[in-house]
Amino acid sequence: MATLRKKRVSNDPPQHTPLIGRTGRAHDGNALAYNVAPARDLRPWVGWFAATHAEKPDSEVLEGGILGDHAAIRVFQGGTWTALTADGPRVFVPGEKGMALYFGPQSKVMPTSVDGSFKAITIYLGVGGAQALGAPAQNETIDRVMDFDELMGRGHFASLFDFAAPPQAWYETFARNFGRYLAEITPPRPDRIALEFETCTLADPDFTLQEFAEANDVSIRTVERVVRKAYGLTPKQVMRRARALDLAAALMGVAMSEEEAEMKLRYFDQSHQIREIRHFFDRTPRQLREESNPLLMLNLEIRQSRRMEALKRLSPDKPAPWRDPRMEIRPR
């Protein structure tokens, strides 16, 4: 993963930057988000909700990256954020009043850094979420970051949130306002093929398009058209990225440990694993397992939480096994 540390010029991996999580932690102490499955009336337009409050020394620059399979709305308060986007390096300074940004899907890891402690709210859009918002087509926003207020023209989105309140209140504020918005615009439900493709890629992204098309009684051409509209990428690109996301999460300890062997079997051999992980994360599997990448860990855990919920592999009233139960914040 490319580093963005301002004063570092060597090719050595970035040093560990302390990140104290106030919204959850992994067993190894790494910060995690308070993450919530959206209410049923918000689906399938919203895939997941996450809130992070993390503190770190102001003298440190936390480096890492993010890689998401759908667009996301991120509301930041505090810190100075830098992202290497398709439009070049972008710097964002949210300040005390916060800033809302729209992140298109990423085709590979987007190098990202933050200087200073921060609070962040991330609304992971689901299949059809971008269309419901009236956002540009997914293929036009790949690897891009845009000002959400300018994109929507509906006022200062960040001002809806009381950053002094607990993270449960942030979710309640979002759910209430987004629910009203969906009721106002009444968007059509996404194509059933897009929804089924999403389910399949969460369960096991190792199927052929022929198998999928036959199971859903459509042509391969139809699958390609629907998936490209929903994701901005071809079906094969989406499945390839999904395999890498799952394996990376397992390597970084934010996936079900018993799934790692199965995830590795999705690749022909070890060299294939290395090539794919390096392609998407600019790191080898060993580096992902051994190096500290708090921002990426925060990002990857959300997909696994979403997977476990969709596949009904975790009880909704229990924390994921990779999370420290002593640091859990429960919904109100």
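Small disclaimer: the values here were computed from a predicted structure and weren't measured.

Trainee: Any chance you could explain the sheet that holds strand S7 (residues 88-92) here in plain terms?
Mentor: Hydrogen bonding along the main chain pairs the strands of a sheet, whether they run parallel or antiparallel. The antiparallel open sheet is built from 4 strands, whose spatial order is S4-S9-S6-S7. On the outer flanks of this sheet lie strand S4 (61-66) and S7, each paired with one strand and no other. This sheet shows a mean twist of 20° between the axes of neighbouring strands, independent of strand direction. Alignment of strand S6 (residues 80-85) against S7, held across 5 bridges, turns out to be antiparallel. Bridge pairing links Ala83 to Arg90 in S7. The sheet contacts of helix H12 (residues 294-310) involve S4, S6 and strand S9 (110-115), and relative to S4 the element is tilted by about 35°.

Trainee: Could you clarify how one ought to interpret the layout of surface pockets in this entry?
Mentor: A probe matching the size of a water molecule, rolled over the atoms, marks out where space remains unfilled. A volume near 520 Å³ is recorded for the largest pocket. Surrounding the largest pocket, 24 residues form its lining, Asn35, Ala37, Trp48, Pro316 and Lys318 being those nearest its centre. Element by element, the count of residues in the lining of the largest pocket is highest for H12, at 4 residues. For the lining of the largest pocket, the class distribution of residues is 13 nonpolar, 4 polar and 7 charged. What lines the second largest pocket is a set of 16 residues, among which Arg43, Glu198, Leu202, Glu309 and Ala310 lie closest to the centre. The set of elements that each furnish at least two residues to the lining of the second largest pocket consists of strand S3 (46-55), helix H5 (192-203) and H12.

Trainee: Whenever I open this one, the nonpolar core confuses me. Can you help?
Mentor: The nonpolar side chains of a soluble globular protein tend to be buried, and buried together. Counting residues in each nonpolar core, the largest one holds 35 residues, and the members touching the most others are Phe49, Tyr102, Ile123, Leu133 and Phe174. Looking at this core, the elements that each hand over two or more residues are strand S2 (34-36), S3, strand S5 (72-77), strand S8 (99-103), strand S10 (118-125), helix H1 (129-133), helix H3 (148-152) and helix H4 (167-185). With 8 residues, H4 is the largest single contributor of residues to this core. Not counting the four nearest positions on each side in its chain, Ile123 is found in contact with Val46, Trp48, Phe49, Ala71, Ala72, Ile73, Phe157 and Phe174. Counting 27 residues, the second largest nonpolar core, distinct from the first, contains Val109, Leu245, Leu251 and Leu288.

Reading the values: rules and limits
Residues numbered from 1 in each chain as written. Predicted model: local features only at pLDDT ≥ 70, side-chain atom pairs only at ≥ 80, totals over all residues. Heavy atoms only, no water. Pairing = 2+ DSSP bridges. Helix = DSSP H or I, 4+ residues; strand = E, 2+ residues; numbered from the N terminus. Axes fitted to C-alpha atoms, helices over the stretch in contact; angles between N-to-C directions. Contact = heavy atoms within 4.5 Å. 1 Å grid on protein atoms, 1.4 Å probe; cavity = no way out; pocket = protein on both sides within 12 Å on 5 of 7 lines; lining within 4 Å. Points joined across faces, edges and corners; volume = space filled by probe spheres on them. Nonpolar A, V, L, I, M, F, W, Y, C, P; charged D, E, K, R; others polar. Core = buried A, V, L, I, M, F, W, Y, C linked by side-chain atoms within 4.5 Å. Buried < 20%, exposed > 50% of the residue type's maximum accessible area, 1.4 Å probe, protein only.

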